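# Secondary and tertiary structure notes
In case you want the letters, here they are:
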Amino acid sequence: GQNIDQPTEMTATEGAIVQINCTYQTSGFNGLFWYQQHAGEAPTFLSYNVLDGLEEKGRFSSFLSRSKGYSYLLLKELQMKDSASYLCAVRAPISSGSARQLTFGSGTQLTVLP
Amino acid sequence: DTAVSQTPKYLVTQMGNDKSIKCEQNLGHDTMYWYKQDSKKFLKIMFSYNNKELIINETVPNRFSPKSPDKAHLNLHINSLELGDSAVYFCASSQAYTAYEQYFGPGTRLTVT
């Protein structure tokens, strides 16, 4: 089975740095995604990690440790528009074939205060 | 615009009715998905089609029936709607069934009364 945990809510101040953690226990692993979802909108892709280490993309960075079943999303220089839900998702095989599927966590609602 | 589109955006209906949600993507992807996002914000895969063939069929009541007339379309038909079906349904697509970066549609908010 798949189990993905992330904090339900976080609050931070504009201009600050925030780290959103995600831990997972899954049968099979082919990478971890972070998606951003603003209220009432569709999730949009932020980052993808398949190897251990840090991937940096502008103000956003994502880290993965496969041995610990752990990832985090780091948001720097927070802006008001970063207020959104951040979804951690694990990619894993469906069966013995090459098809894969995503299993999402419940998301972390980030509120950025002025 | 290149995107994943869904219709309708909002759907309010009574228990027992049958309804359909349509999804189209013009990204040239060959895999499409249906997800359900409940009130607790869990986004859960329901179905996936690759080149019009079903590849994922999670434990979903058989009142839900997906149909893929071609690679660019994946529709969801729901029979005998129940209160528990109220949720936001998202369609998504990706380049291949390896479920790499997925592009999501705007969602359909279904309310069953």
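For every chain, the first residue of its written sequence is number 1, and the numbers climb from 1 along that sequence. In the order they appear in the text, chains get letters beginning with A and ligands get numbers beginning with 1. Only residues with pLDDT of at least 70 are given local features in this predicted model, and only at 80 or more are side-chain atom pairs given and counted; all residues enter the totals for whole chains, interfaces and linings. Here the side-chain values reflect all heavy atoms present in the structure, with hydrogen atoms and water set aside.

## Section: the overall build of chain A
Counting secondary structure elements, chain A contains zero helices and eleven strands. A run of H or I in DSSP becomes a helix once it reaches four residues, and a run of E becomes a strand once it reaches two; helices and strands are each numbered from the N terminus. Each helix and strand of chain A, ordered N terminal to C terminal, gives the series β-β-β-β-β-β-β-β-β-β-β. Here the radius of gyration uses the C-alpha set of atoms, whereas the globule reference equals 2.2 Å times the residue count to the power 0.38. For a compact globule of 114 residues, the expected C-alpha radius of gyration is about 13 Å, and chain A comes in at 14 Å, within 12% of that figure. Taken along its principal axes, the extent of the C-alpha atoms in chain A is 50 × 30 × 20 Å. By definition in these notes, contact holds between two residues if any of their heavy atoms fall within 4.5 Å. Intrachain contacts of chain A at a sequence separation of at least 6 include 56% that bridge at least 24 residues. Note on areas: these come from Shrake-Rupley sampling with a 1.4 Å probe, and a residue is covered only by the protein chains present in the view. Counting only carbon and sulfur atoms, one obtains 49% of the accessible surface of chain A, whose full area is about 5300 Å².

## Focus on the interface of chain B and chain A
Across the boundary between the two partners, chain B contributes 21 residues, which contact 20 residues of chain A. Whenever Lys or Arg places a side-chain nitrogen within 4 Å of a carboxyl oxygen from Asp or Glu, that contact is recorded as a salt bridge. At the boundary of chain B and chain A, one finds zero salt bridges. What qualifies as a polar contact is a pair of N or O atoms within 3.5 Å, subject to a donor-acceptor requirement within protein and to the restriction that residues adjacent in sequence count only when both atoms come from side chains. At the junction of chain B and chain A, the tally comes to two residue pairs in polar contact (both at pLDDT 80 or more). Those elements that provide at least two residues to the side of chain B that touches chain A are β4 (31-37), β5 (43-50) and β6 (53-57) of chain B.

## As for the pattern of salt bridges
Counting across every chain of the model gives five salt bridges over all chains. Salt bridges sharing partners connect three or more residues here, namely R63, E82 and D85 of chain B.

## Re unusual backbone geometry
Residue and element names in this part refer to chain B. Residue P8 follows T7 across a cis peptide bond; omega there is -5°. Summarising the element assignment, P8 is placed in the loop between β1 (4-7) and β2 (10-13). Here K41, not a glycine, exhibits a phi torsion of approximately 75°, which is positive. Mapping K41 onto the fold places it in the loop between β4 and β5. In this model, N51 sits at a positive phi of 50°, which is unusual for a non-glycine residue. Secondary-structure assignment places N51 in the loop between β5 and β6.

## Focus on the state of the cysteines
Disulfides are defined as pairs of cysteine sulfur atoms found within 2.5 Å of each other. A complete count under the given rule lists two disulfides over all chains for this structure. A disulfide bridge connects C22 of chain A with C88 of chain A, and the sulfur atoms are separated by 2.0 Å. An S-S torsion of about -65° defines the bridge between C22 of chain A and C88 of chain A as left-handed. A residue pair is termed long-range when its members are at least 10 positions apart, and C22 of chain A in strand β3 (residues 18-26) and C88 of chain A in strand β9 (residues 84-93) qualify at 66 residues. Judged by its relative accessible area of 0%, C22 of chain A is buried. Exposed residues in this analysis have more than 50% of their type's maximum accessible area, buried residues have under 20%, and partly exposed residues fall in between, with area computed by a 1.4 Å probe over protein chains only. By relative accessible area, which is 0% here, C88 of chain A ends up buried. Covalently, C23 of chain B is tied to C91 of chain B through a disulfide, its sulfur atoms 1.8 Å apart. Its S-S torsion of approximately -75° makes the covalent link between C23 of chain B and C91 of chain B left-handed. Of this pair, C23 of chain B sits in strand β3 (residues 19-25) while C91 of chain B is found in strand β9 (residues 87-94), placing the two residues 68 residues apart along the sequence. Both residues of the pair, C23 of chain B and C91 of chain B, belong to the buried class.

## Focus: the confidence of the model for chain A
Confidence scores per residue from the predictor, reported as pLDDT, run from 0 to 100. The predicted model of chain A has a mean per-residue pLDDT of 92, with 95% of residues at 70 or higher. Mean pLDDT values for the elements of chain A range from 85 in strand β10 (residues 100-104) of chain A up to 98 in strand β8 (residues 70-75) of chain A.

## Quick word on the packing of aromatic side chains
Classification of ring pairs rests on two measures: the distance between centres of Phe, Tyr or Trp rings, Trp counted by its six-membered ring, which must be within 6.5 Å, and the angle between planes, read as stacked under 30 degrees, edge-to-face over 60 and tilted in between. Applying the stated criterion to the full structure yields 16 aromatic pairs over all chains. Look at F63 of chain A and Y72 of chain A: their rings are 5.0 Å apart centre to centre, the planes differ by 15°, and that puts the pair in the stacked class. Members of the aromatic cluster, each reached through a chain of ring pairs, are F33, Y35, F45, Y48 and F104 of chain A together with Y33, Y35, F90 and F104 of chain B.

## Observations concerning the environment of F29 of chain A
Mapping F29 of chain A onto the fold places it in the loop between β3 and β4 (32-37). Spatially, the C-alpha atom of F29 of chain A lies 8.6 Å from that of R66 of chain A, the residues being 37 residues apart in sequence.

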